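Remarks on the overall topology
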Amino acid sequence: CGGVTPAHHTLAAVVEMIHTATLVHDDVLDEADTRRHIPTFNAEWGNKVAILLGDMLFTQAFHLASRVDRRACELVGEATNRVCAGELKQVCERGNLHLSEADYFTIVDGKTAALTEVCSRLGALYAGESEETAGQLAAHGRNLGIAFQIADDLLDLTGDAHTAGKTLGTDLDQLKLTLPLIHALNRLPAREADGLRE
């Protein structure tokens, strides 16, 4: 899309701060004790400090975005709202062992895809590209985020915690249905699917 501007550096920091804030909050919600091969903030400092740190990262990110312009704040704000709504929906759907694939994708679209989508859109717009090009790149970013989340959900079920460097199995522990389980339940005969749910 063109050259990298100072706005790109600032916006990259903004989105990474928001991403980090969501990870800190996720670790509290999932009661995870390891991420990136080191103890999580909540494991080291407790939930109260972790939540406040996540909140501080959110507010600092918006303060930093305001130094770029109003449009950046609006785009980042919209994406952050989608992330929070997706996380809230996922928490509300915990224990719903009949979660549909459509509901799963609504959750994922809010959580992971919103951030990768806004990264792509911001990169294009602040390089001077048209709305059409920015929209196409945003769609690519959205799809990339969805693919990443599906891979991460598979990792949570089948991965090795030492290799992954994070706490695994939290989706099952928290009764969060993810795409691999939804597919398994939909493919099994009804009686076997009920047995798996039990």
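Before any of the text, the structure's been laid out above.
The present account deals with the structure reproduced in this document. Just so you know, the residues in each chain are numbered from 1, in the order the chain's sequence is written. Given that this is a predicted model, residues contribute local features only at a pLDDT of at least 70 and side-chain atom pairs are listed and counted only at 80 or more, while totals for whole chains, interfaces and linings are drawn from all residues. Note that the side-chain values use all heavy atoms of the structure and ignore hydrogens as well as water.

In this section: helix H4 (residues 70–92). Only DSSP runs of H or I covering at least 4 residues are called helices, and only runs of E covering at least 2 are called strands; the numbering of each starts at the N terminus. How far a helix is expected to stretch is found by multiplying one less than its residue total by 1.5 Å. Between the first and last C-alpha of H4 there are 32 Å, a value that for 23 residues agrees with the 33 Å anticipated at 1.5 Å per step. Think of it in three bands: residues with accessible area under 20% of the maximum for their type are buried, residues over 50% are exposed, and the middle band is partly exposed, with areas taken using a 1.4 Å probe on protein chains only. Here H4 has its buried residues at Ala-72, Leu-75, Val-76, Gly-77, Ala-79, Thr-80, Val-83, Gly-86, Glu-87 and Gln-90. Those residues of H4 hidden inside the fold are in contact with helix H1 (6–30), helix H3 (47–65) and helix H5 (101–125). For the purposes of these results, a polar contact is taken to be a pair of N or O atoms within 3.5 Å, where, inside protein, one atom must be able to donate a hydrogen and its partner to accept one; residues adjacent in sequence count only when each atom of the pair is a side-chain atom. Two to three positions downstream of the cap, the backbone nitrogen of Arg-71 sits 3.2 Å from a side-chain oxygen, assigning the N-cap of H4 to Asp-69. Between two residues, a contact is recorded if the distance between any of their heavy atoms is within 4.5 Å.

With that settled, the discussion passes to unusual backbone geometry. Only a minority of non-glycine residues have a phi that is not negative, and only a minority of peptide bonds are not trans. Phi at Arg-36 is positive, roughly 55°, even though this residue is not glycine. With respect to the helices and strands, Arg-36 occurs in the loop between strand S1 (34–35) and strand S2 (38–39). Here the phi dihedral of His-37 falls at roughly 70°; this positive angle occurs in a residue that is not glycine. Tracing the backbone through its elements, the reader meets His-37 in the loop between S1 and S2.

Structural measurements only, silent on function.
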